[in-house]
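# Structural overview for review
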Amino acid sequence: MSIPWLTILWVAPAVGAALVLAIPAHRATAARWFALVVSVAVLVLSIGLAAGFDPGGERYQFVEDVSWIPALGTRYALGLDGIGLVLVLLTAALLPLLLVAGWRDAESAGSLDNSGGRAQKGPHIYLALFLATEAMVLMSFVALDVLLFYIFFEAMLIPMYFLIGGFGTGPNRSAAAVKFLLYNLFGGLLLLAAVIGLYVVTAQDGVGPDGGGTFALPDIAAAVASGQIDDSTGLAKLLFLGFLFAFAVKAPLWPLHSWLPDAAVAATPASAVLMMAVIDKVGTFAMLRFCMQLFPDASQYFAPFVCALAVVSIVYGAVLAIGQTDVMRLIAYTSISHFGFIILGIFAMTDQGQTGSTLYMVNHGISTAALFLIAGFLVSRRGSTLIADYGGVQKVAPVLAGTFLVAGLATLSLPGLAPFISEFLVLIGTFSRYPVAAVIACSALVLSAIYILWTYQRMMGGPTKPARDRSSSMRDLAGRELVVVAPLLALLIALGVYPKPMIDLIDPAVQATLTTVGVEAPEPAVAESDLEGN
C-alpha cells in the first residue's frame, strides 16, 4: 500500500493546530516552539515531494483517489502537478518564517483582552489559526475534486478572519475583517452556484463512473476535451464567470480588490503576508487549474476582457501606491499591481505567459514577504506606519535599511532578482498575443521605480527624524529578525540568478494546460521567409 503523502501534507498542520490548543495555557513558549516544529516538518515533507516529483512523468503525481460521497459522484481525490508543487513549496517555506516573524505578535495578541482569560490563551489560538490556514491552503493546491476544492477554498476564510479581526492592529481591524469576509463569501456564493451547475451539466451529459454526474476534475476535463460536454454554450460561459468571479475576488483583480488594502493594514505583518503571499495565490492558481481546464472555450472567449482588467489592475495599483502615505498600504497596492501581471500572463494563453505567471506567484510571495516583514520590523521600532514619521534610518540602522532596499528592488523587478525573469516572461508571452496590453503594462516598470525609490528616499535617506515617543529607538535588525530576512533575500537572489529548477517543474504542467485549452502559440509577426529575403 502506497503512503498517502498528500494527505499527510495537509493533515500534519491541521493536527498540529489542534495539538497547539491542547498545550497548557501557561506554556506559551512551548506552544510557539511546537508550532514552529510542525511547520518545519511540513517544509521537509514538501521538499521530499519535490525530490520525488518527475517533471517528465504523469501530469498528476502522488495521486490519492477514494470514494467520498458516492451519491454525488464526489471523491477524495488529490494529485500534484508542477504548478501546484511550486506553490506548495512556497507555502511550506513561508510558514516557519512567518511564525518566527510573528513570535512576539502572538504574545502581544494574547494581551488584547483585559479580562485576563485571553491573555494566556491568545498565543495558542494565534498559532493554531496559522497552522489551520496552512492546512487548508495546501489542500487547495492538491485537490482534484471540484467540490473538495470548494470546501477548503471557503473554509480558509474562517481562520484568516480571526487573524485580522481578533489579532490585528488598529481601531479598524474588525471592519477590515468583516469586509474581507463579505467580499470573499459573496464570491464563494457564486462559485457554489457554478459548482452545482457544473455537476448538473455532467449528469445531463452522462459523465462520471455511472453516468450520473461527477465533480472529478480529470473526468470533466477529459469530457470537455472529447466533446462529450459542449463548453461553447451560453450556460458554460455563465458557469465560467461564476468560477472566475470568486477567483478574481481572492486574487484580487480590479475592481474586486478594495478589501485587500484595508485587511493588509489591519492585520499583523505576519498575518498580512500569509494573506497576500499565500492565500491570494489560491485564486490565481485556481484560474489555471479550473477555469482553463473546465471551460477552455469560455476562457478563450473572455480572455481579452480579463486581460483588459488585468492591465487596469497593473496601472491602477502602481499609481495608487505612489500616492500612499502609509507604508503598509503602499505595499498592499503594489500587490494589486503584481497580481495584475499574474492574471495577464495566465489569460495571454502562451507558454511563456503562463510559465511566467506561475513563477511570478512564487517570486511575488517571496518579495512581498520580505518587504512587508521588514516594514513590520521598522514599524515595531517607531510605532507608526506613516512614511512621514521616518527619515535617516540608513544612518542608525544600516542593515535594516539595506535589506529594505533589496526587497524593494525585487518588488520593482530589478534584473538579477527573482521577480525580474517572471515579469519578463509575462510581458513576452503577452506581447506575442496582445501587444497593446503588454506595452501598457510596461508602464508599471517606471511607476514601480517611482514608488519604491521615493519611499526609500523619504524613509531611509535624509536627516534622522526623532521619534515622537522618546522611548522608541531605531535599532538595527536583531538575531531573530535576521533569521527571517536572510532566507528570503537569499531566495530572491538565487531564483533571480538561476530560475531553471522552478521553470523545469512548471513548464510541463503549463504545456498540458494549453493543450487542454486547445490554443497554439501565436504566429510570429515577421515570417522566416521575409527574414531570409532581407
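The name that an unreviewed UniProt entry assigns to the protein is NADH-quinone oxidoreductase subunit M, with the source organism given as Gordonia hongkongensis. UniProt lists a comment for the protein under the heading Sequence similarities (unreviewed entry), and it reads "Belongs to the complex I subunit 4 family."

## Topic: the packing of helix α3 (residues 82-101) against helix α15 (residues 351-382)
Relative placement of two packed helices is described by the angle separating their axes and the distance separating the axes. Axis separation between α3 and α15 bottoms out at 9 Å; the angle between their running directions is 10°. As judged from the angle between their axes, α3 and α15 are roughly parallel. Across the interface between the two elements, Ile 83, Val 86, Leu 87, Leu 90, Leu 94, Leu 98 and Ala 101 from α3 touch Thr 358, Met 361, Val 362, Gly 365, Ile 366, Ala 369, Leu 373 and Phe 377 from α15. For the contact of α3 with α15, a count of residues per class yields 13 nonpolar, two polar and no charged.

## A look at the side chain of Ser 46
Among the secondary structure elements, Ser 46 is positioned in helix α2 (residues 28-52). A relative accessible area of 0% places Ser 46 in the buried class. Polar side-chain contacts of Ser 46 include one of 2.9 Å to the backbone oxygen of Val 42. Once you skip the residues sitting within four places of it in the chain, Ser 46 turns out to touch Leu 9, Val 88, Leu 89 and Ala 92.

## Points about the state of the cysteines
Structurally, a disulfide amounts to a covalent bond that connects the sulfur atoms of two cysteines. Under the criterion given, the structure shown has zero disulfides. Sulfur of Cys 291: no disulfide; nearest cysteine sulfur belongs to Cys 307 and is 13 Å away. With relative accessibility at 3%, the residue Cys 307 sits in the buried group.

## A word on α15
Spanning 32 residues, α15 covers 46 Å between terminal C-alpha atoms, matching the ideal 46 Å at 1.5 Å per step. The buried count for α15 comes to 29 of 32 residues, which makes it a mostly enclosed element. Backbone geometry just after α15 places Gly 383 at a positive phi near 80°.

## Overview of the side chain of Lys 250
In this fold, Lys 250 is placed in helix α10 (residues 234-250). Among buried charged residues, Lys 250 stands out as having no salt bridge; its nearest opposite-charge side chain is Glu 154, 5.3 Å away. The residues touching Lys 250, leaving out its near neighbours within four places in the chain, are Phe 153, Met 156, Leu 157, Asn 184, Trp 259, Ile 279, Asp 280 and Gly 283.

## Focus on the UniProt feature "domain: NADH:quinone oxidoreductase/Mrp antiporter transmembrane" (unreviewed entry) in the protein
Here, the residues flagged by UniProt with the feature "domain: NADH:quinone oxidoreductase/Mrp antiporter transmembrane" (unreviewed entry) are residues 143-444. Measuring from the first to the last C-alpha atom of residues 143-444 gives 35 Å, for a span that is 78% helix and 0% strand.

## Structural notes on the packing of aromatic side chains
Under the defined criterion, the tally for this structure stands at 20 aromatic pairs. Consider the rings of Phe 153 and Phe 247, whose centres lie 5.6 Å apart with planes at 80°: the pair is edge-to-face. Of this pair, Phe 153 sits in helix α6 (residues 146-155) while Phe 247 is found in helix α10, placing the two residues 94 residues apart along the sequence. For the pair shown, Phe 153 and Phe 247 are each scored as buried. Between Tyr 301 and Phe 302, the ring centres sit 5.0 Å apart and the planes meet at 85°, which makes this aromatic pair edge-to-face.

## Description of the layout of surface pockets
It is a probe the size of a water molecule, rolled over the atoms, that shows where empty space is left. The computed volume of the largest pocket comes to approximately 660 Å³. Lining the largest pocket are 35 residues, with Asp 105, Thr 169, Thr 268, Pro 269 and Val 379 positioned closest to its centre. Taken together, the elements giving at least two residues each to the lining of the largest pocket come down to α4 (103-109), α11 (259-266), α12 (269-294), α15 and α20 (479-497). With seven residues, the single largest contributor to the lining of the largest pocket is α15. By volume, the second largest pocket amounts to about 270 Å³. For the lining of the second largest pocket, the elements supplying multiple residues, two or more each, are α2, α3, α15, α20 and α21 (500-517). Among the elements that line the lining of the second largest pocket, the one with the most residues is α3, at five residues. The residue makeup of the lining of the second largest pocket, split by class, is 15 nonpolar, no polar and no charged.

## Quick look at α3
Residues spaced three or four apart along an α-helix point in a common direction, a consequence of the helix completing one turn every 3.6 residues. For α3, with 20 residues, the first-to-last C-alpha span of 29 Å sits near the 28 Å given by 1.5 Å per residue. Extensive coverage of α3 is indicated by the burial of 19 of its 20 residues.

## Description of the nonpolar core
Core analysis: the largest hydrophobic core is formed by 198 residues, its most contacted members being Ile 164, Phe 243, Phe 247, Met 275 and Phe 347. Sort the elements by how many residues they give to this core and α12 lands first, with 18 residues. Those residues in contact with Phe 243 that sit more than four places away from it in its chain are Val 146, Leu 191, Ala 194, Val 195, Leu 198, Phe 290, Cys 291, Leu 294 and Phe 295.

Here is what the cut-offs are and how they apply
- Counting restarts for each chain, with residues numbered from 1 along the sequence as it is written.
- Whole-chain, interface and lining totals are the exception, using all residues; otherwise, since this is a predicted model, local features are given only for residues with pLDDT of at least 70 and side-chain atom pairs are given and counted only at 80 or more.
- For side-chain calculations, the full set of non-hydrogen atoms in the structure is used, while hydrogens and water are omitted.
- UniProt positions are given in the numbering used here, feature names are shortened, and annotations may be inferred rather than shown by experiment.
- For every element, the axis is a line fit to its C-alpha atoms; helices are fit only across the contacting stretch, and the angle between N-to-C directions ranges from 0 to 180 degrees.
- Per the convention used, a helix needs a DSSP run of H or I reaching at least four residues, while a strand needs a run of E reaching at least two, with both numbered from the N terminus.
- Just so you know how the angles are binned, under 35 degrees is roughly parallel, over 145 roughly antiparallel, 65 to 115 roughly perpendicular, and the rest oblique.
- Whether two residues are in contact is decided by their heavy atoms: any pair within 4.5 Å suffices.
- Classes in brief: Ala, Val, Leu, Ile, Met, Phe, Trp, Tyr, Cys and Pro nonpolar; Asp, Glu, Lys and Arg charged; the others, Gly included, polar.
- Buried, partly exposed and exposed residues are distinguished by accessible area as a fraction of the type maximum, computed with a 1.4 Å probe on protein chains only: under 20%, between the cut-offs, and over 50%, respectively.
- Here a polar contact means two N or O atoms within 3.5 Å. Within protein one must be a hydrogen donor candidate and the other an acceptor candidate, and residues neighboring in sequence count only if both atoms are side-chain atoms.
- Here, a disulfide means two cysteine sulfur atoms that sit within 2.5 Å of each other.
- How far a helix is expected to stretch is found by multiplying one less than its residue total by 1.5 Å.
- Within this scheme the basic residues Lys and Arg register as positive and the acidic residues Asp and Glu register as negative, but His and the chain ends are omitted.
- Should a side-chain nitrogen of Lys or Arg be within 4 Å of a carboxyl oxygen of Asp or Glu, the pair is scored as a salt bridge.
- Aromatic contacts are taken between Phe, Tyr and Trp rings whose centres are within 6.5 Å, Trp giving its six-membered ring; a plane angle under 30 degrees counts as stacked, one over 60 as edge-to-face, and the others as tilted.
- Lining residues are those with an atom within 4 Å of a point, where the points come from a 1 Å grid over the protein atoms alone and group into cavities, where a 1.4 Å probe fits but cannot get out, or pockets, open sets with protein on both sides within 12 Å along at least five of seven lines.
- Grid points are joined across faces, edges and corners, and a volume is the space filled by probe spheres set on the points.
- Only buried Ala, Val, Leu, Ile, Met, Phe, Trp, Tyr and Cys residues count toward a nonpolar core, and they belong to the same one when joined by side-chain atoms within 4.5 Å.

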